[in-house]
Amino acid sequence: MARFQIFVTYKKGIFDPPGATAERALVSLGYDEVSSVKIGKFIQLEVADGTSEERVVEMCGKLLANPVIEDFRIEPVEEA
Amino acid sequence: MRFGVVIFPGSNCEQDVIHAAHVLGHEADFVWHGDTDLSGFDAIVLPGGFSYGDYIRCGAVARFSPVMAEVVRFAERGGPVIGICNGFQILTEAHLLPGALLRNRGLKFICKQTTLKVEASACQWMDAAPGTLLRIPINHNEGNYICDPETLARMEANGQIVLRYCEPDGSRAEGGSAPNGALDDIAGICNERGNVFGLMPHPERVVDPAVGITDGAVVFTSIAKRLAEVG
């Protein structure tokens, strides 16, 4: 079993309403140092051993992320 | 004419579309998302709702339903396809229309009457004169249309922007008139050819005179008229 972690975030320039709301909320709670909050998705993927990262990239481009509005980053998880 | 109304798991506006078609004297039947045969239909409707629970992204899973490959072929042959609300989201996910629909800017689900301005466009589903105001309700959480500046310029040049949100008097507010924050107040767009139309507002809900407003009828009568003309 191989594991990958996938982070999906909005592309630069795409407004992120939940992130902007969280940002305002943190500032109003007194965390004046906060200048930006971006909220995205975190996906944990378990696949058969030997699955290439290219396959995972394909999965992201096709279904897990929308390349029109989102970027994704893939990290293989090393087993402890 | 005969409309085919696709039902995905989680669609919930399909009955309204069938009713609207009947009120206007047209035939309409359901198409199951697992079906792959669209023969006998003159136009395909992807109705509103929450297909596949809106999981991953709205329309992201429905786009891979067996019926969608056939809908794409139907559209590529020039067949008229309309996506309403969730149907619009599915059309963008399927790349039949450019751009994407993000969460409403105010983070709230919005259900309200809106005023829309008809733009000069190539859309086969809209033959109302440019500048005509239509009162059609919206009912969504992800209607905040977005695309890159190049796509917006291209759509503008090609006459692909069909409907814009506006104030009740037809003007556009300085900070935007779209209740959902949509780019350039965009409420509905079509493809270059004009046969594929996607919009967030629900025209099918304002067709029956019993509800008091019939401004949505023009969408269905436009395509019927066009199909009658081209045979």
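Conventions used here
Residues numbered from 1 in each chain as written. Chains lettered and ligands numbered in written order. Predicted model: local features only at pLDDT ≥ 70, side-chain atom pairs only at ≥ 80, totals over all residues. Heavy atoms only, no water. Helix = DSSP H or I, 4+ residues; strand = E, 2+ residues; numbered from the N terminus. Rg over C-alpha atoms; globule rule 2.2 N^0.38 Å. Buried < 20%, exposed > 50% of the residue type's maximum accessible area, 1.4 Å probe, protein only. Contact = heavy atoms within 4.5 Å. Areas by Shrake-Rupley, 256 points an atom, 1.4 Å probe, with all protein chains shown as cover. Salt bridge = Lys/Arg side-chain N within 4 Å of Asp/Glu carboxyl O. Pairing = 2+ DSSP bridges. Axes fitted to C-alpha atoms, helices over the stretch in contact; angles between N-to-C directions. Buried area = accessible area lost by both parts, 1.4 Å probe. Arc of directions from axis to C-beta. Polar contact = N/O pair within 3.5 Å; in protein donor to acceptor, adjacent residues only side chain to side chain.

**Q** Explanation requested: the overall build of chain A in the structure shown.
**A** When helices and strands are tallied, chain A shows 2 helices and 3 strands. Listed by position from the N terminus, the elements making up chain A come as β-α-β-α-β. In summary, chain A has a C-alpha radius of gyration of 16 Å against a globular reference of 12 Å for 80 residues, an excess of more than 25%. Seen through its principal axes, chain A has C-alpha atoms that stretch 50 × 35 × 15 Å. Taken across its 80 residues, chain A has 26% of its residues classed as buried. Long-range pairs, those at least 24 residues apart, make up 69% of the contacts in chain A with a sequence separation of at least 6. Of the accessible surface of chain A, which amounts to about 5300 Å², a share of 55% is contributed by carbon and sulfur atoms.

**Q** Is there a simple way to think about the pattern of salt bridges in this case?
**A** For side chains bearing opposite charge, pairing can occur when the charged atoms are close. Residue and element names in this part refer to chain B. Taken as a whole and judged by the stated rule, the model has 16 salt bridges over all chains. Across the pair Arg2 and Glu27 runs a salt bridge whose closest N-O atoms are separated by 3.9 Å. Separated by 25 residues along the polypeptide, Arg2 in strand S1 (residues 2-7) and Glu27 in strand S2 (residues 27-32) bring together distant segments of the chain. With a relative accessible area of 23%, Arg2 lands in the partly exposed category. Among the ionic pairs, Asp215 bridges to Arg135, the shortest N-O distance being 3.9 Å. One end of the pair, Asp215, is in the loop between strand S11 (196-199) and helix H5 (217-230); the other, Arg135, is in strand S7 (residues 133-140), with 80 residues separating them in the sequence. Given a relative accessible area of 42%, Arg135 falls into the partly exposed group.

**Q** Would you mind going over the sheet that holds strand S3 (residues 70-77) of chain A with me for this structure?
**A** Note: strands within a sheet are paired through backbone hydrogen bonds, in either parallel or antiparallel orientation. All names here are of chain A. Read from one edge of the open sheet, 3 strands run S2-S1-S3, paired in antiparallel fashion. Each edge of the sheet is formed by a strand with only one pairing partner; in this case those strands are strand S2 (41-47) and S3. Sheet twist, expressed as the mean angle between neighbouring strand axes with direction ignored, is 20°. With 7 bridges joining them, strand S1 (residues 2-10) and S2 adopt antiparallel strand pairing. Of the residues in S2, the one forming a bridge with Gln5 is Gln44. The sheet contacts of helix H2 (residues 53-64) involve S1, S2 and S3, and relative to S3 the element is tilted by about 150°.

**Q** I keep staring at the interface of chain B and chain A and nothing clicks. Help me out?
**A** Accessible area lost when the parts come together is the quantity often used to give the size of an interface. Contact with chain B, which involves 14 residues of that partner, is made by 15 residues of chain A. For the pair chain B and chain A, the summed buried surface comes to about 1300 Å²; carbon and sulfur atoms form 68% of the total. Three residues stand out in chain B for area buried against chain A, namely Ile56, Arg57 and Leu102 of chain B, and they jointly supply 38% of the buried area on that side. Taken together, the links from chain B to chain A amount to 1 salt bridge.

**Q** Would you explain helix H4 (residues 149-158) of chain B in this entry?
**A** Think of an α-helix as 3.6 residues a turn; residues three or four steps apart then line up on the same face. Residues and elements named next belong to chain B. Among the residues making up H4, those that are buried are Thr151, Leu152 and Met155. The buried side chains of H4 occupy one side of the element, clustering within an arc of 100° when seen end-on. Facing away from the buried side of H4 by over 90 degrees, the exposed positions are Pro149, Glu150 and Ala157. Looking at the buried residues of H4, the elements they touch are strand S8 (144-146), strand S9 (161-166) and strand S10 (186-190).

**Q** What is the right way to read the sheet that holds S11 of chain B from this model?
**A** All names here are of chain B. Pairing is mixed across the open sheet formed by 9 strands, whose spatial order is S2-S1-S3-S4-S11-S10-S9-S6-S7. Only two strands of the sheet have a single neighbouring strand rather than two, namely S2 and S7. Here the average twist between neighbouring strands, direction ignored, is 25°. Where S10 meets S11, 3 bridges bridge the pair, whose relative direction is antiparallel. Following the sheet pairing, Cys190 is matched in S11 by Phe197. Taken strand by strand, helix H3 (residues 86-93) contacts strand S3 (43-46), strand S4 (81-84), S10 and S11, and its axis lies near 120° from that of S4.

**Q** I'm lost on the environment of Gln5 of chain A in this one. Help?
**A** Residue and element names in this part refer to chain A. Examined against the element boundaries, Gln5 turns out to sit in strand S1. Separated by 19 residues in sequence, Gln5 and Arg24 place their C-alpha atoms 29 Å apart. Excluding anything up to four places from it in sequence, Gln5 contacts Phe42, Ile43, Gln44, Arg73, Ile74, Glu75 and Val77.

**Q** Would you mind going over the side chain of Asn180 of chain B with me for this structure?
**A** All names here are of chain B. Structurally, Asn180 can be placed in the loop between S9 and S10. Residue Asn180 is classed as buried on the basis of its relative accessible area, which comes to 0%. A distance of 3.0 Å separates a polar atom in the side chain of Asn180 from the backbone nitrogen of Ala182. In this view, Asn180 contacts Asn104, Arg105, Ile110, His140, Gly143, Asn144 and Tyr165; residues no more than four positions away in its chain are not counted.

This is a description of form; function is not addressed.
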